[in-house]
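# Coordinate analysis (summary)
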Amino acid sequence: MSTQWEDFFAIHLPPTDFEDNRSLLREFCERHERHGRCIVLITSGGTTVPLEYNTVRFVDNFSAGTRGAVSAEYFLEHGYAVIFMHRLKSLEPFTRHFSGQKLLDMLDIQERGPNTTITDIALRWFETQAESEQYQVSVLKKVCDIAALKPDSVDVLAPVLLRYKAAHAAGALLHVAFTTVSDYFWLLRAACECLASSGPCAMLYLAAAVSDFYVPKDHLPTHKIQSDTGAPIIQLQLVPKMLAPLVNLWVPSAYVVSFKLETDENLLIPKARAALEKYKHKMVVANQLQTRRHRVVLVTPKTSQEILLTREEVHAGTDIECLLVGEIVRRHKEHMQLEGVPEPVP
Ligand code: PAZ
């Protein structure tokens, strides 16, 4: 008899870019394993649940992917190779510093010569609007330097740019993206299969906000739900719990850290403990929606440790992930020592 998670994979087809991503994951894991480097799989952002097969509408999740994107930068600093498995268009390491208008605000259009105030330049642009964009740009290039970095932005950009370039030069960061809850599970299982041979050197840091409820593919209407037949009744079903096969079958030796989000403080620690008891993994990071930026609790079967930012630290822009990742890396190293793994290459 097949299990619920096996039925899930039987019913839901892999995403279209699945084989490409699987090859990337395999190459990345093999390369870093050869060099004796620890690999962390970070999942980040929320999954969607389509309500129609040709999807116009879907149920979504609040997560912007901040926890995952910030944590990825700190794991890289600790010498880990990072698989960043994230919701498409959610925050990503490094670029997250310049999301929205921030990047454009750091750039300037520098005037050259007389009659080249920003208004003159804009006027010239509109005057040549009937021409091709290439022609417009060539006219503008004669009167101004476009996209010069503002001097006071250099200090902000330089450290991020250097860390970004270093991570990429070392081939230490791999991005793979998902959108739906089914894409997420296909990628998660593939990543685990590639990580299995890294044994205790592999870490899973499951920070994505994965939907607990969904509409199975064989229950989805093919086309857009119509309003003229009245309000639809949408019956959601429980998503199978993938942590069970993940811990027991896919990556039995890896250091698995899951996350638990609650809105009711009274449920937070009991739920984290219940998850540890049920799945027998290493740690649950418990956090509450309202306070997650400055308080997390690291729960293990025997201990619980609170990490709390002070008001001053919050004000100074300290990332709680700096402390969180530092502590998890320390415990992962301890665990590897116990398992007799040699010191990883820095
Ligand atoms: O993406 P974000 O930084 O806004 O939120 C992070 C988080 C709360 C989604 C993460 O810390 C977390 O708890 N993930 C697991 C959520 C869950 O219980 O399903």
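This one's a predicted model, so the numbers in the text were calculated from it and none came from an experiment. (Residues numbered from 1 in each chain as written. Predicted model: local features only at pLDDT ≥ 70, side-chain atom pairs only at ≥ 80, totals over all residues.)

### Concerning the site of the ligand
Rule in force here: By definition, a residue lies near a molecule or strand provided its backbone-derived C-beta atom is within 6 Å of it. Numbered from the N terminus, helices here are DSSP runs of H or I no shorter than four residues, and strands are runs of E no shorter than two. Side-chain classes follow a simple rule in which Ala, Val, Leu, Ile, Met, Phe, Trp, Tyr, Cys and Pro form the nonpolar group, Asp, Glu, Lys and Arg form the charged group, and the remainder, Gly included, forms the polar group.
Neighbouring the ligand are 13 residues; Ser63, Thr66, Arg67, Phe259 and Leu261 lie closest to it. Of all the secondary structure elements, the ones that give two or more residues to the shell around the ligand are helix H3 (66-77) and strand E11 (255-262). Residue composition of the shell around the ligand, by class: six nonpolar, four polar and three charged.

### Side note on the nonpolar core
Put simply, the rule reads: Under the definition applied here, buried Ala, Val, Leu, Ile, Met, Phe, Trp, Tyr and Cys residues are grouped into a nonpolar core through C-beta atoms within 7 Å. With C-beta atoms placed from the backbone, a residue counts as buried when 20 or more other C-beta atoms lie within 10 Å of its own, as exposed when 12 or fewer do, and as partly exposed for counts between those limits. Contact between two residues is assigned whenever their backbone-derived C-beta positions fall within 7 Å.
Formed by 71 residues in total, the largest nonpolar core has its most connected members in Ile39, Val82, Ile83 and Ala191. Here the element with the most residues in this core is helix H8 (residues 181-195); it accounts for 11 residues. When near neighbours in sequence (up to four residues on either side) are disregarded, alanine 191 contacts Leu25, Leu41, Ile83 and Met85.

### Overview of the packing of helix H2 (residues 18-34) against H8
Let me state the cut-off plainly: Geometry is summarised by axes, namely lines fitted to C-alpha atoms with helices restricted to the contacting stretch, and by angles between N-to-C directions that run from 0 to 180 degrees. The cut-offs work like this: below 35 degrees is roughly parallel, past 145 is roughly antiparallel, 65 to 115 is roughly perpendicular, and the gaps in between are oblique. By convention the crossing between two helices is left-handed if the near helix lies anticlockwise of the far one by an angle smaller than a right angle, and right-handed if it lies clockwise.
Closest axis-to-axis distance for the H2/H8 pair is 9 Å, and the angle between their directions is 25°. When the interaxial angle is binned, H2 and H8 end up roughly parallel. For the element pair H2 and H8, the recorded crossing hand is right-handed. Along the contact surface, H2 presents Phe18, Asn21, Arg22, Leu25, Arg26 and Cys29, while H8 presents Trp186, Leu187, Ala190, Ala191, Cys194 and Leu195. Across the contact of H2 with H8, the residue classes break down as nine nonpolar, one polar and two charged.

### Focus: the packing of helix H5 (residues 118-127) against helix H6 (residues 133-143)
When two helices pack together, you describe them by how their axes are tilted relative to each other and by the distance separating the axes. The geometry of H5 relative to H6 is characterised by a closest axis approach of 9 Å and an angle of 155° between their N-to-C directions. The angle between the axes of H5 and H6 places the two elements in the roughly antiparallel class. Along this stretch, H5 crosses H6, giving a crossing that reads as right-handed. For the pair H5 and H6, contact is made by Ile121, Arg124 and Trp125 and by Gln136, Val139, Leu140 and Val143, respectively. Among the residues forming the contact of H5 with H6, the class breakdown is five nonpolar, one polar and one charged.

Keep in mind that these numbers describe shape and distance, not what the molecule does.
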